[in-house]
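For reference, the chains in residue letters:
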Amino acid sequence: MHESIWSDLQGVPFEQGYLVADGVRTRYLHAGDWSKPALVLLHGSGGHAEAYVRNMEAHAKHFSTWAIDMLGHGYTDKPGHPIEIKHYVQHLMSVLDAIGAPRAHLSGESLGGWVVARAAIDHPERVERLVLNTAGGSQADPVVMNRIRTLSMDAATDPSWDKVAARIVWLMADKSKTYDDIVASRLKVYQQANYPAAMSDSLALQDPVIRERNLLSAGDYGRITAPTMVLWTSDDPTADVTEGRRIASMIPGAQFVVMDGCGHWPQYEDASAFDRLHVDFLRGVRP
């Protein structure tokens, strides 16, 4: 059955637009009444807001829900220099300021999880609840780092259907699907002028030296005070369940959940299960 971004959003009151966050023109998808608690969703390396198209409707019932293209990604401004975690966090804080949210729920997948974890450590006063979804930032696996860099740079340098598809399928547990609509969306992103340079800057954290100075230590995780859920999957290609459990063990009071049959995008591969777990946690509903 064909999977369509438009059918995911069809009938959902939502807005696509741009806001200026401390001078950075930032693309967003937004759904939900502004009077509801703010929720910001962050994608992974090389990604964009469409990572969350299947989750906007369920979350908009309870939250003013924002999925953004992170700094240097998608259609958001490119800074023209290697991007480290402090740059992403600064941009995220500026986004919160731009939407008038003194505090917000933060949820991030992969790189996005790394960013929201660091934000919760450095800016605890801005974070209500925190979700780390197959989050990066806890280790440096050279095999995984090389795979991410190779697939991403290949797709950005030669944005052909097959190379972008290879990058998307790598994320997923079910390799039998083609994910055509997500591939088409990402292909258009990667076909922007000068995107290879932007991709190289956004992959700075795959460099061992840069990554090392950005990694989160046990002491860092121990400083997280926001109620936290660490969500992992049975088939994550970046790290197994053991690593997710280790991250959760370092965060005081963290809840640990595993979704079966999913890879690096559980919010997309099993949106209904993800939405149920995610919304309940963010609303403080006990499992």
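Here, the structure is the one placed above.
What counts and how
Residues numbered from 1 in each chain as written. Predicted model: local features only at pLDDT ≥ 70, side-chain atom pairs only at ≥ 80, totals over all residues. Heavy atoms only, no water. Helix = DSSP H or I, 4+ residues; strand = E, 2+ residues; numbered from the N terminus. Rg over C-alpha atoms; globule rule 2.2 N^0.38 Å. Buried < 20%, exposed > 50% of the residue type's maximum accessible area, 1.4 Å probe, protein only. Contact = heavy atoms within 4.5 Å. Areas by Shrake-Rupley, 256 points an atom, 1.4 Å probe, with all protein chains shown as cover. Lys, Arg positive; Asp, Glu negative; His and termini not counted. Charge placed at Lys NZ, Arg CZ, Asp CG, Glu CD. Polar contact = N/O pair within 3.5 Å; in protein donor to acceptor, adjacent residues only side chain to side chain. Phe/Tyr/Trp six-rings, centres within 6.5 Å; stacked < 30°, edge-to-face > 60°. Lys NZ or Arg CZ within 6 Å of the ring centre and 35° of its normal. Pairing = 2+ DSSP bridges. Axes fitted to C-alpha atoms, helices over the stretch in contact; angles between N-to-C directions.

### Describing the overall build of the protein
Each helix and strand in the protein was counted, giving 13 helices and eight strands. For the protein, whose C-alpha radius of gyration is 17 Å, the value lies close to the compact-globule estimate of 19 Å for 287 residues. C-alpha extents for the protein along the principal axes are approximately 45 × 45 × 40 Å. Taken across its 287 residues, the protein has 58% of its residues classed as buried. Sequence separation of 24 or more characterises 73% of the internal contacts of the protein that already satisfy a separation of 6 or more. With an accessible surface of roughly 11500 Å², the protein has 50% of that area assigned to carbon and sulfur atoms. Of note, the protein has its 27 positive side-chain charges centred 3 Å away from the centre of its 35 negative side-chain charges.

### So, the environment of S202
Relative to the helices and strands, S202 resides in helix 8 (residues 195-202). Owing to a relative accessible area of 4%, S202 belongs among the buried residues under this scheme. Once the C-alpha coordinates of S202 and V285 are considered, the two residues, 83 residues apart in sequence, prove to be 36 Å apart. Among residues more than four places away in sequence, those in contact with S202 are H73, I83 and Y88. One polar contact links the side chain of S202 to the main-chain carbonyl oxygen of M199, over a distance of 2.9 Å.

### Let's talk about the packing of aromatic side chains
A full pass over the atoms with the stated rule returns five aromatic pairs. When the centroid spacing of 5.0 Å and the interplanar angle of 65° are considered together, the rings of Y28 and W66 count as edge-to-face. Residue Y28 is found in strand 2 (residues 24-31), and its partner W66 is found in strand 4 (residues 64-68); the two are separated by 38 residues along the sequence. Three or more aromatic residues joined by ring pairs form one cluster here, namely Y28, W34 and W66. For the cation-ring pair, R25 lies above Y18, with the distance from its terminal atom to the ring centre recorded as 3.6 Å.

### A look at the sheet that holds strand 1 (residues 14-21)
The sheet built from eight strands is open, its strands ordered 1-2-4-3-5-6-7-8 with mixed pairing. Lying at the two open borders of the sheet, with one neighbouring strand each, are strand 1 and strand 8 (255-259). Neighbour-to-neighbour, the strand axes of the sheet open up by a mean angle of 20°, direction not taken into account. With five bridges joining them, strand 7 (residues 228-233) and strand 8 adopt parallel strand pairing. Bridging from a neighbouring strand, V230 pairs with F256 of strand 8. Sheet contacts for helix 13 (residues 271-282): strand 3 (38-42), strand 5 (104-109), strand 6 (127-133), strand 7 and strand 8; angle to strand 6, the most-contacted strand, approximately 150°.

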